[in-house]
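So you can see what is in the structure, the chains are spelled out below.
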Amino acid sequence: MGSEGKTTPKIVRGEGGYVLVDVPHLIDDLPDLPTYPNPLQDNPAYSVVKQYFVDVNDTVAQKIVVHKSSPRGMLFRRAGPHQRVYFESDEVHACIVTCGGLCPGLNTAIGEIVCGLYGMYVVCKVLGIEVSGYRGFYSSNTTNLTQKSVNDIHKRGGTILCTSRGGHDTLKIVDSIEDRGINQVYIIGGDGTQKGASVIFEEIQRRGLKVAVASIPKMIDNDIVVIDQSFGFDTAVEEAQRAISAAHVEAESIENGIGVVKLMGRYSGFIATYATLASRDVDCCLIPGSPFRLEGKGELLEFIEKRLKENGHMVIVVAEGAGQDLTVESMRSVDHQDASGNKLLLDVGLWLSQKIKDHFTRNKKMHINLKYIDPTYMIRAIPRNASDNIYCTLLAHSAIHGAMAGYTGFTVGPVNGRHAYIPFHRITGVQNKVVVTETDRMWARLLSSTNQPSFLSSKDVQDAKKGATDAAVGRGEREAPK
Ligand SMILES: Nc1ncnc2c1ncn2[C@@H]1O[C@H](COP(=O)(O)OP(=O)(O)OP(=O)(O)O)[C@@H](O)[C@H]1O
Ligand SMILES: O=P(O)(O)OC[C@H]1O[C@](O)(CO)[C@@H](O)[C@@H]1O
Ligand SMILES: [Mg+2]
C-alpha cells in the first residue's frame, strides 16, 4: 500500500478574501500541450444551450453563510465542460476502476462515464479494470466497455467491474497505465481509494505523463468532507426505512417488544441519523459521535425500561461504529484490520441486543421480546434509487469534462449544490461526522424527534465540541484554534 498524497496544494489568492483551492492541470508539468475545440460545440443536444460551457474563472464557494468579520472561506473550481479540451477524441484511451465496499449507484457511474465519453466526446476506447479494484491494473483481466455493454447496468446493484480491498501497488499500477497507453483514469471509491488515487496521480506527475486522473467519491456512510453528500447515501437511507419498519412491526406486535436495527456507519452516523429522522418509528438512535453508557441513572438501559413502560415497545437504531469503546471493553477484542488496513469493528448490534436481554433477565422486572435486524449488506447491495441515478450521471459527466479539459488529480462533487473539482488533499485524511454539538442542528432535531436523552456527560460534550471544531477546520470552514 502506498502512502498518502503529498502534492503541494495549488492555492490562488486574490482580492476580497478570494482563496481558490485549485486542482492540478496537465499543463502544470507539460506546458506545451496543444488544445482543441470541445466537440460538444457541434453536438445537437448541447450546442443549443447558450451558455453550456463554464468560464475558466468560475468558482464555487464552500462557505455560503458568512459573517461580517469572518473569513470568506475557500473556493473550488467549478466543474463542467470547457471551450477548449486537451485531448483529441481519437487520442483518448480511458479506463475505469472501482475499489472499496459496494455502494448503490456504482454501475450507473461506470455506465455514465462510458456513455458520456462516447456520446459527448466521441471517444471510442474505454477499458474496464476487472477482477478487481486497484490490483486489477496488474492482472490481465480488462474488458472493453461500450455503450452497448453498459446499456442497462444502472438497474443492477454492485459493480460490473468487481471491487476489492488492499493490493495497491503504486508503481505497478502506473506501469500498467503507461504500458497500456491509458491517458484518462477514472477511479470510483471511498476514502482509501481517494488516497490511492492521490499517490497514483503523483507518480504519473513524477513520470511526466499526459494522463488525467479523475475520481468519483463513493462513501455510502456519507463520511466525506467538502461535498454535500455522497452517492448511494439517499438510496441507503431509503432502504434502511424498510428494516426499521420491520423492526417496528415486530416490536409493536408483541408485549414489551424491542427492535434493534444495525446500520452502516463506521465513523459517522449519517445513515442512522437520517433513517431515524425519516422513519419516525425510532425511539433511540446511537451513533459514533455520541457516546453512551449502559448502566446508571439516565443511561441507556434505564431509558429503555422507561420507554417500554410508556409505550409497550421500542425501536433502537445503532450505527455500526457506535459504542465501540464499550464493545471492546466487554469483548476483549484483538485489533483486527481488513486488507486495506481499516479497523474491523465488533458487532455492536449483536452486543447491544445481548446486553439488553441480560439486563432484563437479570433484574426480572419485565419480560422483553427482542428482535435484532442487521440489514447492513442489503442496504449497500441494492440498485440506486432515482435521485442517486441522476446524481451519478452528473458526477460522471463532471469527471469527464474535467479530464477532457486537462484537469487531473481531482475528485468531483457538489459543494452547496454546484459541482466542483476538489484536490485530493482536501478530502483525504479527514472524515465528515454528524456534529452532535454546536452548529449542526440535525442531531438536535433527531433528539427532539425521538425524545431520547442525549446520554452525553459534560466531558462528552467537551470532546464532541472539540471534534466539531476539528471537523470544521478540516472542512476549511474555520481556522484552527491558536
Ligand atoms: N493510504 C493509501 N495509499 C494507497 N492506497 C490506499 C490507501 N488506503 C487505501 N488504499 C487502497 O484503496 C483501495 C480501497 O480502500 P478501502 O478498502 O479502504 O476502501 P474505501 O475506498 O475506503 O471504500 P469504503 O470505505 O467505502 O469501503 C484498496 O485497494 C486500498 O489498498
Ligand atoms: O465487509 P466489507 O466489504 O469489508 O465492508 C464493510 C464496510 O464497508 C462499508 O460499507 C463502507 O465503508 C462500511 O460501512 C462497512 O464497515
Ligand atoms: Mg473507507
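Anything mentioned here points back to the structure above.
Here's a quick rundown of the structure.

Here is what the cut-offs are and how they apply
- Residue numbers here run from 1 along each chain, matching the order of that chain's written sequence.
- Labels are handed out in written order, letters beginning with A for the chains and numbers beginning with 1 for the ligands.
- Per-residue local features are limited, in this predicted model, to residues with pLDDT of at least 70; the limit for side-chain atom pairs, both in listing and counting, is 80 or more; totals at the level of whole chains, interfaces and linings are taken over all residues.
- Heavy atoms from the whole structure form the basis of all side-chain values; hydrogens and water molecules are not counted.
- Near is defined per residue: the residue qualifies when any heavy atom it owns lies within 4 Å of the molecule or strand.
- Each accessible area is a Shrake-Rupley estimate made with a 1.4 Å probe; only the visible protein chains count as cover when residues are assessed.
- With a 1 Å grid laid over protein atoms only, a set of points is called a cavity when a 1.4 Å probe fits there but cannot get out and a pocket when it is open yet has protein on both sides within 12 Å along at least five of seven lines; lining residues have an atom within 4 Å of a point.
- Whether a molecule lies in a cavity or pocket depends on its atoms, and more than half of them have to be within 2 Å of the grid points.
- Put simply, Ala, Val, Leu, Ile, Met, Phe, Trp, Tyr, Cys and Pro go in the nonpolar bin, Asp, Glu, Lys and Arg in the charged bin, and everything else, Gly too, in the polar bin.
- Grid points are joined across faces, edges and corners, and a volume is the space filled by probe spheres set on the points.
- Per the convention used, a helix needs a DSSP run of H or I reaching at least four residues, while a strand needs a run of E reaching at least two, with both numbered from the N terminus.
- A simple rule labels every residue: compare its accessible area, found with a 1.4 Å probe on the protein chains alone, to the largest value its type can have, and call it buried under 20%, exposed over 50%, or partly exposed in between.
- Contact criterion: two residues are considered in contact whenever any of their non-hydrogen atoms come within 4.5 Å of each other.
- Here a polar contact is taken to be a pair of N or O atoms separated by no more than 3.5 Å, where protein atoms must pair a possible hydrogen donor with a possible acceptor and residues adjacent in sequence count only if both atoms sit in side chains.
- When DSSP locates at least two bridges between a pair of strands, those strands are taken to pair.
- Under this scheme, a helix contributes an axis fitted over its contacting stretch, all axes are lines through C-alpha atoms, and angles between N-to-C directions fall in the 0 to 180 degree range.

## Concerning the site of ligand 1
What surrounds ligand 1 is a group of 22 residues, the closest being G166, D191, T193, K218 and S340. For ligand 1, whose free accessible area comes to 620 Å², the fraction covered by protein is 93%. The cavity that encloses ligand 1 is the second largest pocket. Looking at side-chain class alone, the shell around ligand 1 contains 3 nonpolar, 14 polar and 5 charged residues.

## Let's talk about the layout of surface pockets
By volume, the second largest pocket amounts to about 960 Å³. Together, 45 residues line the second largest pocket, and G101, R165, R266, D338 and N342 are the ones closest to its centre. Going through the elements one at a time, α3 (191-206) and α9 (376-381) are the ones with two or more residues in the lining of the second largest pocket. Considering every element that reaches the lining of the second largest pocket, the biggest residue donor is α3, with 6 residues. A class-by-class count of the residues in the lining of the second largest pocket yields 14 nonpolar, 16 polar and 15 charged.

## Some thoughts on the environment of G190
Along the chain, G190 turns up in the loop between β10 (184-189) and α3. Overall, G190 belongs to the buried group, its relative accessible area being 8%. Separated by 125 residues in the primary sequence, G190 and V315 place their C-alpha atoms 30 Å from one another. Every residue in contact with G190, bar those within four places of it in the chain, is listed here: C99, K218 and M219.

## Some details on the site of ligand 2
Within the structure, ligand 2 sits among R165, I220, D221, M264, G265, R266, E320, Y377 and R380. Within the side chain of R165, an N or O atom sits 2.8 Å from an oxygen atom of ligand 2. The separation between an oxygen atom of ligand 2 and a polar side-chain atom of E320 is 2.4 Å.

## Regarding helix α5 (residues 270-279)
For α5, a buried count of 8 out of 10 residues is recorded, marking the element as mostly surrounded by other parts of the structure. The set of residues buried in α5 consists of F270, I271, A272, T273, A275, T276, L277 and S279. Close packing links the buried residues of α5 with α4 (233-252), β12 (257-263), β13 (284-286), β14 (313-319) and α12 (442-450). Positive backbone phi, at 65 degrees, marks R280, one or two positions downstream of α5.

## Comments concerning the sheet that holds β12
As summarised here, the arrangement of the 4 strands in space is β13-β14-β12-β15, forming an open sheet in which the pairing is parallel. If you trace the sheet from one side to the other, it starts and ends with β13 and β15 (369-373), each paired once. The mean inter-strand angle of the sheet, taken between neighbouring strand axes irrespective of direction, is 15 degrees. Pairing of β12 with β14, which is carried by 7 bridges, proceeds in the parallel orientation. Looking at the pairing, I258 lines up with M314 of β14.

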